[in-house]
Amino acid sequence: MELPKGYKSENSSLVCKLNRSLYGLKQASRQWFCKFSTTLLSHGFHQSKHDYSLFTIGSGNSLVILLVYVDDIILSRPNSASVQAIQTQLQSMFQLKILGPLKYFFGLEIAKSSRGISLSQRKYTLSLLEDTGFLACKPFNLPMDPNMKINLHDGDLLPNPSMYKRLIGRLIYLTISRPNITFVVNRLS
């Protein structure tokens, strides 16, 4: 059984109000993050001024990086034994589910090797191509003529612009790992 991909409405100007915290948390997400970040800061972590969900402790080979996204936490460090010590410490204060080494996060596939870390959006791209019916198409080096003029008043209006907007949003997210499509996606958006 495939789950629906979001609420579909006939009126695209409507906004949904979230009446309950995400994932059924008993307390509000903001309160949980406040308690979590206060605990990290009291244990010597430093909160980034550029991204408040990023915390660090130590430096050089002893650097530990902790990133929070909603209720997911990513811990990274050159020395895996120290990561386990921090996981144990956090588990004593919070109810955590340790999922092991990071392989897939938020549409990004992560692969570690002796040469470094590789980020890919292969699965995300295949899903996007399948959803749009372009999975069997042949690749093209230049997806759009850079001199092409796009005019708001030329052509027919789309009967359902929300599908187009959703596709552009997905393509914008794809530019994380495919910067070569940034120009085209920017023009189309």
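See above for the structure.
Predicted model, so just to flag it, every value in this text is computed and none were measured.

Undergrad: Tell me about the overall build of the protein, residues and numbers included.
TA: Looking only at helices and strands, the protein has five helices and seven strands in total. The N-to-C order of helical and strand elements in the protein reads α-β-β-β-β-α-β-β-β-α-α-α. Counting over 189 residues, the protein shows a buried share of 19%. The long-range fraction of contacts in the protein, counting pairs at least 24 apart against all pairs at least 6 apart in sequence, stands at 34%. Entry remark: accessible area of the protein is about 15400 Å², with carbon and sulfur atoms responsible for 57%.

Undergrad: Residue-level account of the side chain of Gln-121, with values.
TA: Following the sequence through the fold, Gln-121 ends up in the loop between β7 (116-120) and α3 (122-132). Not counting residues within four places of it along the chain, the set of residues in contact with Gln-121 comprises Gly-107, Leu-108, Glu-109, Tyr-173, Leu-174, Ile-176 and Ser-177.

Undergrad: So what's going on with the pattern of salt bridges? Which residues, and what values?
TA: Between side chains of opposite charge, a pair can form when the charged atoms approach closely. One pass over the structure, following the stated rule, counts one salt bridge. Of the charged contacts, one joins Asp-131 and Arg-170 as a salt bridge, the two residues approaching to 3.0 Å between their closest N and O atoms. Placement of Asp-131 in helix α3 and of Arg-170 in helix α4 (residues 161-174) is noted, with a sequence separation of 39 residues between them. A relative accessible area of 41% places Asp-131 in the partly exposed class.

Thresholds, definitions, all that
- Residues numbered from 1 in each chain as written.
- Predicted model: local features only at pLDDT ≥ 70, side-chain atom pairs only at ≥ 80, totals over all residues.
- Heavy atoms only, no water.
- Helix = DSSP H or I, 4+ residues; strand = E, 2+ residues; numbered from the N terminus.
- Buried < 20%, exposed > 50% of the residue type's maximum accessible area, 1.4 Å probe, protein only.
- Contact = heavy atoms within 4.5 Å.
- Areas by Shrake-Rupley, 256 points an atom, 1.4 Å probe, with all protein chains shown as cover.
- Salt bridge = Lys/Arg side-chain N within 4 Å of Asp/Glu carboxyl O.

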